[in-house]
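# Coordinate analysis (summary)
Each chain, written out:
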Amino acid sequence: MAFVPSLGHGNLQFPPPWTNPGGWLANRTTLQCRIGCIEKFAFRGIYDHKPGCDCWWYTNGTRIPGEPTISDDSPLRTFFDDEDRSTKPWRAPGTSKFYPCGAFGGNPSGLGHKPLRPSLDAFFESLKVPQNGILRGGCGYGMDARDVDFPEVVTSTYKSGSVIETVWGISANHGGGYSYRLCKLPANGKADITEECFQKMPLRFEGTKQAIQFYNGTRVYFDGMKTSNGTFPPGSEWMRNPIPACKPHGEVSFSPECPDGTQFEPPVPGAFGFGVYRLDGVAGKWFFEWSIVDRVMLPPGLEPGQYVLGFRWDTEGENQAWASCADIEIVD
């Protein structure tokens with residue numbers, strides 16, 4: 001199966017998340033994150049943030065509550081520069097405040113950001129907010145994904161104890177690392193899903209082998225880097241984002257060539273950069289034409305029924321954590 005790249009910041013691509021109606025873009029060479037966007041960026045007549053761009057579900061302005069558990073000189077670090085990144089979510093994975101399936105625009109309670117608006121121009125205008133410390137980026141008063149009736153949600157079926165393939169994509173590379181989790185669907189539905197439910201069932205990776213998959217289906221395998229030290233919940237496994245951003249993390253980092261080098265060694269040739277580069281201050285081309293593939297182990301002995309797979313990406317480049325949720329059915 002071929003996968004398309006993300007257009008926003010980052011999101012789950014497979015199993016199909018709630019935000020991918022019918023899972024119809026999973027095997028098409030089209031920009032996936034345009035699902036649910038507005039006006040000229042919209043597909044299938046889904047406009048005005050209903051259900052909202054597929055890669056815009058996250059938590060903005062979030063920071064770790066204590067001291068970093070990933071040390072300054074750890075190889076798990078993804079940014080090595082002069083900026084203080086000691087509060088970023090990746091520095092103590094899993095500890096920062098997090099909307100478990102994301103909030104559109106990252107700031108559902110506002111946090112001083114302008115509200116969502118129905119036009120494309122007004123939407124991008126809402127992003128031009130003061131850079132108030134950690135509250136960079138996003139827009140205000142967006143929906144919590146748990147409260148949205150997404151259309152044509154796909155349910156993927158697996159057996160308890162099986163190993164499943166997961167795929168996610170980046171378009172704005174904020175480094176950090178990620179975890180997959182499982183939550184049994186509450187009796188009253190997804191509105192009752194909590195971060196605490198996901199924390200009870202973190203999933204483990206099958207070894208450290210990862211792959212970059214390109215548009216044409218070609219895969220290149222490499223050894224990733226995972227950790228269970230200093231993570232939350234204790235012992236949960238997190239995988240470092242294998243894609244290095246450019247040096248430094250300022251405006252030059254938007255260059256697709258990384259003229260000053262990368263934050264660390266790329267896992268495969270060409271797999272590096274910020275993702276969305278800028279020309280004269282304007283967002284330019286999205287050029288990540290590949291996705292990241294992992295193999296994740298479902299626990300044995302799961303009760304058959306409906307579950308939700310959660311993808312949590314704790315970043316190190318910003319005080320942001322990105323989310324996707326997908327419906328899963330466990331069968332005998």
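Each chain has its residues counted from 1, following the order in which its sequence is written. Given that the model is predicted, a residue must reach a pLDDT of at least 70 before its local features are reported, and side-chain atom pairs must reach 80 or more before they are shown or counted; all residues, however, enter totals for whole chains, interfaces and linings. In computing side-chain values, all of the structure's heavy atoms are included and hydrogens and water are not.

To continue, consider the overall build of the chain. Secondary structure elements are defined from DSSP: runs of H or I of at least 4 residues count as helices, runs of E of at least 2 residues count as strands, and each element is numbered from the N terminus. Broken down by element type, the chain carries two helices and 18 strands. Buried, partly exposed and exposed residues are distinguished by accessible area as a fraction of the type maximum, computed with a 1.4 Å probe on protein chains only: under 20%, between the cut-offs, and over 50%, respectively. Residues classed as buried in the chain amount to 56% of the 332 residues present. Note on definitions: a residue-residue contact is assigned when non-hydrogen atoms from the two residues lie within 4.5 Å. Contacts in the chain between residues at least 24 apart in sequence constitute 71% of all its contacts with a sequence separation of at least 6. Carbon and sulfur atoms provide 52% of the accessible area of the chain, an area that totals close to 13200 Å². Where accessible areas are quoted, they stem from the Shrake-Rupley method and a 1.4 Å probe; at the residue level, only the protein chains shown are allowed to cover.

The next thing to look at is the pattern of salt bridges. When a carboxyl oxygen of Asp or Glu is within 4 Å of a side-chain nitrogen of Lys or Arg, the pair counts as a salt bridge. Inspection of every chain in the model, using the stated rule, returns 14 salt bridges. Notably, a salt bridge pairs Glu195 with Arg312, separated by 2.8 Å at the nearest N-O pair. Within this pair, whereas Glu195 is found in helix H2 (residues 195–199), its partner Arg312 is found in strand S17 (residues 305–314), the two being separated by 117 residues in sequence. By relative accessible area, which is 9% here, Glu195 ends up buried. Classification of Arg312 by relative accessible area gives buried; the value is 0%. The salt bridge partner of Arg295 is Glu206, with a shortest N-O separation of 2.6 Å. On the criterion of sequence distance, the pair formed by Arg295 in strand S16 (residues 290–297) and Glu206 in the loop between strand S9 (204–205) and strand S10 (209–214) is long-range, its members being 89 residues apart. Through salt bridges with shared partners, a single network forms among Asp81, Glu83, Arg85 and Lys88.

On to the environment of Ala321. Its place among the elements puts Ala321 in strand S18 (residues 320–331). Residue classification places Ala321 among the buried positions, given a relative accessible area of 0%. For Ala321 and Gly106, which are 215 residues apart along the polypeptide, the C-alpha to C-alpha distance reads 8.7 Å. Excluding its chain neighbours within four sequence positions, the residues that come into contact with Ala321 are Tyr58, Thr59, Thr62, Phe98, Trp313 and Asp314.

The subject of this paragraph is the state of the cysteines. Disulfides are defined as pairs of cysteine sulfur atoms found within 2.5 Å of each other. With the rule as written, the count across this model stands at three disulfides. Two residues share a disulfide in this structure: Cys101 and Cys325, whose sulfurs sit 2.0 Å from each other. Across the disulfide from Cys101 to Cys325, rotation about the S-S bond amounts to roughly -85°, and the bridge is consequently left-handed. Here Cys325 lies in strand S18 and Cys101 lies in the loop between strand S2 (57–60) and strand S3 (103–104), a separation of 224 residues in the sequence.

Backbone torsion omega between Phe14 and Pro15 reads 0°, so that peptide bond is classified as cis. Tracing the backbone through its elements, the reader meets Pro15 in the loop between strand S1 (10–14) and S2. Here the phi dihedral of Cys258 falls at roughly 50°; this positive angle occurs in a residue that is not glycine. Note on placement: Cys258 falls in the loop between strand S13 (238–240) and strand S14 (276–279).

So, on to the nonpolar core. Burial of nonpolar side chains together is a common tendency in soluble globular proteins. Working definition of a nonpolar core: buried Ala, Val, Leu, Ile, Met, Phe, Trp, Tyr and Cys residues. They are joined through side-chain atoms within 4.5 Å. Ranked by size, the top nonpolar core spans 45 residues in total, and within it Trp18, Trp168, Tyr178, Tyr180, Ile243 and Leu309 carry the most contacts. Elements that contribute at least two residues to this core include exactly S2, strand S7 (163–170), strand S8 (177–184), H2, S16, S17 and S18.

Burial analysis of S17 places nine of its 10 residues in the buried class, which makes it a mostly covered element. Strand direction decides the pairing type here: S8 and S17, joined by eight bridges, are antiparallel. Across the sheet, the residue bridging to Arg181 is Gly310, located in S17. At least two bridges found by DSSP between two strands is the condition for calling them paired. Between the antiparallel neighbours S17 and S18 lie five residues.

What follows is about the packing of aromatic side chains. Aromatic contacts are taken between Phe, Tyr and Trp rings whose centres are within 6.5 Å, Trp giving its six-membered ring; a plane angle under 30 degrees counts as stacked, one over 60 as edge-to-face, and the others as tilted. Counted according to the given criterion, the structure contains 12 aromatic pairs. On the numbers, 3.8 Å between centres and 20° between planes, the contact of Tyr58 with Trp322 is stacked. In this pair, Tyr58 sits in strand S2 while Trp322 sits in strand S18, placing the two residues 264 residues apart along the sequence. Taken as a pair, Tyr58 and Trp322 share a single burial class, namely buried. When the centroid spacing of 6.1 Å and the interplanar angle of 85° are considered together, the rings of Tyr178 and Phe205 count as edge-to-face. With a gap of 27 residues between them, Tyr178 in strand S8 and Phe205 in strand S9 connect regions that are remote in the sequence. Here the two residues Tyr178 and Phe205 agree in accessibility, since each one is buried. Among the aromatic side chains, those forming a connected cluster through ring pairs are Trp168, Tyr178, Tyr180, Phe205, Phe311 and Trp313. Put simply, a charge is over a ring when the Lys NZ or the Arg CZ is close to the ring centre, within 6 Å, and near the line of the ring normal, within 35 degrees. When the ring centre of Phe80 is taken as origin, the NZ or CZ atom of Arg77, which lies over that ring, is 5.5 Å away. When the ring centre of Phe79 is taken as reference, the NZ or CZ atom of Arg85 above it lies at 4.5 Å.

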